[in-house]
Amino acid sequence: NGLILNAGQKIHGAGTLKGIPGTTMATISGNGAIVNGIRIETNGATYAFVQVGNSSKIQNVSFSGNVGHYVIAVGDRQEISGNLFDGSNATKITTPVVFNGAKKFRAFNNRFNDTLGFGIQVRNGSYEGQITNNIFRQPPYTQKSITGSNQINFTFKLKEAVARYG
């Protein structure tokens, strides 16, 4: 379901794509396809982009909203660069970017603001990737607890109950 980009096709401009809960917004299936400069509001979609096509690029895109993964890349020589992944108004993000069996991939100059999940996850046989110059900005989450006498009180500053960066 959703858009399909075939070989050499491009989506670019100042427009906004809005997702539907539980769907894939777009599949980049063609080699050399490019998504550049648009805004993505996921609205609970499972994926914003499934990046299958070899040598495809997602550049300068602004992502926001609840989502499983903003990008899941499974092909060869894929590039994810110059994007903003903004989770400041999201309550559910499994992992913003996943390379799943990807080869010779690159993720660089991306910004992750207040996102949940693993940030960038590399899994299932992905290899020869380059992940460089990405910025992760995670505001602290603070929860105070009350202790009784003779008990030690520890305060942790995390966005979620479990932090998965590092």
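Refer to the structure presented above.
The paragraphs below set out a description of the structure included in this document. It should be emphasised that the depicted structure is a prediction, and the values quoted were computed from it without experimental measurement.

Conventions and cut-offs
- Residues numbered from 1 in each chain as written.
- Predicted model: local features only at pLDDT ≥ 70, side-chain atom pairs only at ≥ 80, totals over all residues.
- Heavy atoms only, no water.
- Core = buried A, V, L, I, M, F, W, Y, C linked by side-chain atoms within 4.5 Å.
- Buried < 20%, exposed > 50% of the residue type's maximum accessible area, 1.4 Å probe, protein only.
- Helix = DSSP H or I, 4+ residues; strand = E, 2+ residues; numbered from the N terminus.
- Contact = heavy atoms within 4.5 Å.
- Salt bridge = Lys/Arg side-chain N within 4 Å of Asp/Glu carboxyl O.
- Pairing = 2+ DSSP bridges.
- Phe/Tyr/Trp six-rings, centres within 6.5 Å; stacked < 30°, edge-to-face > 60°.
- Axes fitted to C-alpha atoms, helices over the stretch in contact; angles between N-to-C directions.

We now examine the nonpolar core. The tendency in soluble globular proteins is for nonpolar side chains to be buried as a group. Membership of the largest hydrophobic core comes to 31 residues, with the highest contact counts inside it found for Val35, Ile40, Phe49, Ile58, Phe63, Phe85 and Phe99. Only β4 (24-28), β7 (45-51), β10 (67-73) and β13 (97-100) provide two or more residues apiece to this core. Broken down by element, the residue count for this core peaks at four residues, all from β10. When neighbours within four sequence positions are excluded, phenylalanine 85 is seen to be in contact with Phe63, Tyr70, Val71, Ile80, Pro96, Val97, Asn110, Arg111, Phe112, Asn113 and Thr115.

We now examine the pattern of salt bridges. For the structure on display, the rule yields three salt bridges. Here glutamate 41 ties to lysine 18 by a salt bridge, and the two come within 3.9 Å at their closest N and O atoms. Residue glutamate 41 is located in strand β6 (residues 39-41), and its partner lysine 18 is located in strand β3 (residues 16-18); the two are separated by 23 residues in the primary sequence. By relative accessible area, which is 22% here, glutamate 41 ends up partly exposed. Each of the salt bridges in this network shares a partner with another, and the network as a whole consists of Lys18, Arg39 and Glu41.

A few words now on unusual backbone geometry. For lysine 104, which is not a glycine, the phi torsion comes out positive at approximately 55°. Mapped onto the elements of the fold, lysine 104 is located in the loop between β13 and β14 (106-108). Here glutamate 128, not a glycine, exhibits a phi torsion of approximately 55°, which is positive. If you trace the backbone, glutamate 128 turns up in the loop between β16 (120-123) and β17 (130-132).

Let's shift gears to the pairing of β7. In terms of residue burial, β7 counts as a mostly covered element, since five of its seven residues are buried. Here β4 pairs with β7 via four bridges, running parallel. Following the sheet pairing, threonine 27 is matched in β7 by valine 50. For β7 and β10, the ladder comprises five bridges, and the chain directions are parallel. Across the sheet, residue valine 50 finds its bridge partner in β10, namely isoleucine 72.

Turning our eyes to something else, we now look at the pairing of β13. Here β13 shows a buried face lined by Val97 and Phe99 and a second buried face lined by Val98 and Asn100. One ladder, built from three bridges, connects β10 with β13; its direction is parallel. Across the sheet, alanine 73 pairs through a bridge with phenylalanine 99, a residue of β13.

Inspection of every chain in the model, using the stated rule, returns seven aromatic pairs. Seen from their ring centres, phenylalanine 63 and tyrosine 70 are 5.4 Å apart, and the 45° between their planes marks the pair as tilted. What makes phenylalanine 63 buried here is its relative accessible area of 0%. Considering the side-chain rings of tyrosine 70 and phenylalanine 85, the 5.8 Å spacing of their centres and the 40° angle between planes classify their relative orientation as tilted. On the criterion of sequence distance, the pair formed by tyrosine 70 in strand β10 and phenylalanine 85 in strand β12 (residues 84-86) is long-range, its members being 15 residues apart.

Let's shift gears to the sheet that holds strand β5 (residues 34-36). What the six strands build is an open sheet, ordered β2-β5-β8-β11-β14-β17; its pairing is parallel. Since the sheet does not close on itself, it has two edges, and those belong to β2 (10-12) and β17, each with one partner. Each strand of the sheet is rotated relative to its neighbour by a mean of 0°, with strand direction disregarded.

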